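# Overview (structure and organization)
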Amino acid sequence: MSMNDMSIRTFAEALSAKSPVPGGGSVAALVGALGIALGSMVGNFTLGKEQHADVEPDILRILEEADNIRLSLLSCVDEDVTAFEPLSNAYGIPKDDPGRAEILEKCFREAASVPMKILGLACRAIELHSELAEKVSGSIVSDVGSGVVFCWAALYGSALNVKVNTKLMTDRAYAEELNARVDALMDKYWKIADSVYESVYGRFC
């Protein structure tokens, strides 16, 4: 059953169970999707407002991209499950099986690929929230602050889910390449997310 077809209650129950999937990668994707959805809500409330007429073309562009990001992140909820299940099964291969190491290495790569995708989507979602924070006003901007925090959580969660796999890879050159990409994105985008949140929070204090 697709994670996207579950009710909130059923998904939470599946997550809490003693089962490897869904796990942190799926949750990172879902949280990021909720975060960018909040940004979209802000954009939709801004459309048609006279005081924001000058930025309406920008808001329309943001909304179009935000919708694509949301749908991609929701797809990643299931994609992470699909990518992780083979790894979970591979751990059951006898340790004396000559093909075990190669199979595990392939599974580590696949299991890291979806969190890397989520990470990139979360980064772009944070950028869109940064734009929204500059273009909207009033109490609705509080949801920009909330939305960017959820995208921030997706950023951190997906990064961990990449690194838990790269740590176990035998191809250290490939692992360190992924780690460097993660570190560079984390270093840049946590600062942007923090700046957006502080900017929004400061408007109400």
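As shown above, the structure is provided for reference.
Here's what I pulled together on the structure shown here. (Residues numbered from 1 in each chain as written. Predicted model: local features only at pLDDT ≥ 70, side-chain atom pairs only at ≥ 80, totals over all residues. Heavy atoms only, no water.)

## A look at the overall build of the protein
Convention followed: A run of DSSP states H or I qualifies as a helix once it reaches four residues; a run of E qualifies as a strand once it reaches two. Both are numbered from the N-terminal end. The rule is simple: take the accessible area with a 1.4 Å probe, protein chains only, and divide by the maximum for that residue type; under 20% is buried, over 50% is exposed, in between is partly exposed. For this analysis, residues touch if any pair of their heavy atoms sits within 4.5 Å. Where accessible areas are quoted, they stem from the Shrake-Rupley method and a 1.4 Å probe; at the residue level, only the protein chains shown are allowed to cover. Lys and Arg are tallied as positive, Asp and Glu as negative. Neither His nor the chain termini are counted. By convention, the charge on Lys lies at NZ, on Arg at CZ, on Asp at CG and on Glu at CD.
Along the backbone of the protein there are six helices and zero strands. Ordered by position in the sequence, the α and β elements of the protein form the string α-α-α-α-α-α. Considering only C-alpha atoms, the protein reaches an extent of 70 × 35 × 30 Å along its principal axes. When each of the 205 residues of the protein is scored for burial, the buried share is 41%. Across the protein, the fraction of contacts at a sequence separation of at least 24, relative to all contacts at a separation of at least 6, is 76%. When the accessible surface of the protein is summed, it comes to about 10,600 Å², and 58% of that surface belongs to carbon and sulfur atoms. Of the charged side chains in the protein, 19 are positive and 29 negative, and the gap between their average positions amounts to 4 Å.

## Some thoughts on unusual backbone geometry
Of note, the amide linkage connecting valine 21 to proline 22 takes the cis form, showing an omega dihedral of -5 degrees. Assignment of secondary structure puts proline 22 in the loop between helix H1 (8-16) and helix H2 (24-46).

## Some thoughts on helix H6 (residues 172-202)
Rule in force here: What a helix is expected to span follows from its residue count: subtract one and scale by 1.5 Å.
Between its terminal C-alpha atoms H6 stretches 44 Å, which fits the 45 Å expected from 31 residues at 1.5 Å a residue. Each element contacted by the buried residues of H6 is listed here: helix H4 (100-135) and helix H5 (142-166).

## Overview of the layout of surface pockets
This is how it is decided: A cavity here means a set of 1 Å grid points, computed over protein atoms only, where a 1.4 Å probe fits but cannot escape. A pocket is an open set with protein on both sides within 12 Å along at least 5 of 7 lines, and lining residues have an atom within 4 Å of a point. Grid points are joined across faces, edges and corners, and a volume is the space filled by probe spheres set on the points. The nonpolar class holds Ala, Val, Leu, Ile, Met, Phe, Trp, Tyr, Cys and Pro. Asp, Glu, Lys and Arg form the charged class, and all remaining residues, Gly among them, are polar.
Looking at the largest pocket, its volume works out to about 210 Å³. The wall of the largest pocket is formed by Met3, Asn4, Met6, Ser7, Ile8, Phe11, Ala12, Leu30, Leu34, Leu74 and Val77. It is H1 that provides the largest number of residues to the lining of the largest pocket, a total of three residues. Residues belonging to the lining of the largest pocket are distributed by class as follows: nine nonpolar, two polar and no charged.

## Some remarks on the packing of aromatic side chains
Our working rule: For Phe, Tyr and Trp, where Trp contributes only its six-membered ring, two rings pair if their centres lie within 6.5 Å, and the inter-plane angle classes them as stacked under 30 degrees, edge-to-face over 60, or tilted in between.
Applying the stated rule across the entire model yields three aromatic pairs. Here tyrosine 197 and tyrosine 201 contribute two aromatic rings whose centre-to-centre distance is 5.6 Å and whose plane-to-plane angle is 25 degrees, an arrangement assigned as stacked. Taken together, the residues span about one helical turn, with tyrosine 197 and tyrosine 201 both in helix H6 at a distance of four residues. Classification of tyrosine 197 by relative accessible area gives partly exposed; the value is 28%.

## Examining the pattern of salt bridges
Cut-off, in case you're wondering: Throughout this description, the term salt bridge denotes a Lys or Arg side-chain nitrogen within 4 Å of a carboxyl oxygen of Asp or Glu.
A complete count under the given rule lists 12 salt bridges for this structure. For lysine 117, the salt bridge goes to glutamate 79, with nearest N and O atoms at 3.2 Å. Pair noted here: lysine 117 is in helix H4 and glutamate 79 is in helix H3 (residues 56-90), with a separation of 38 residues, a long-range link. For aspartate 187, the salt bridge goes to lysine 191, with nearest N and O atoms at 3.5 Å. Note that aspartate 187 and lysine 191 are positioned in helix H6 at a spacing of four residues, about one turn of the helix.

## Some thoughts on the side chain of histidine 52
As for its placement among the helices and strands, histidine 52 is situated in the loop between H2 and H3. Each residue touching histidine 52, except ones within four places of it in the same chain, is listed here: Thr46, Lys135, Val136 and Ser137.

## Remarks on the packing of H5 against H6
The following threshold applies: Where helices are involved, their axes are fitted lines through C-alpha atoms of the stretch in contact, as for all axes, and angles between N-to-C directions lie from 0 to 180°. Throughout, the term roughly parallel applies to angles under 35 degrees, roughly antiparallel to angles over 145, roughly perpendicular to angles from 65 to 115, and oblique to all others. Crossing handedness follows the turn of the near helix against the far one: under a right angle anticlockwise gives a left-handed crossing, and clockwise gives a right-handed one.
Contact geometry for H5 and H6: axes closest at 9 Å, N-to-C directions at 165 degrees. One element, H5, and the other, H6, form an angle in the roughly antiparallel class. Considering how the two elements wind past one another, H5 and H6 form a crossing that is left-handed.

## Re the side chain of aspartate 80
By the element assignment, aspartate 80 lies in helix H3. When near neighbours in sequence (up to four residues on either side) are disregarded, aspartate 80 contacts Gly25, Ser26, Val114 and Pro115.

## Some points on the environment of alanine 66
With respect to the secondary-structure elements, alanine 66 resides in helix H3. For alanine 66, a relative accessible area of 2% puts it in the buried group. With 71 residues separating them along the chain, alanine 66 and serine 137 place their C-alpha atoms 19 Å apart. Once residues lying within four places of it in the same chain are set aside, the contact partners of alanine 66 are Ile36, Ser40 and Leu128.

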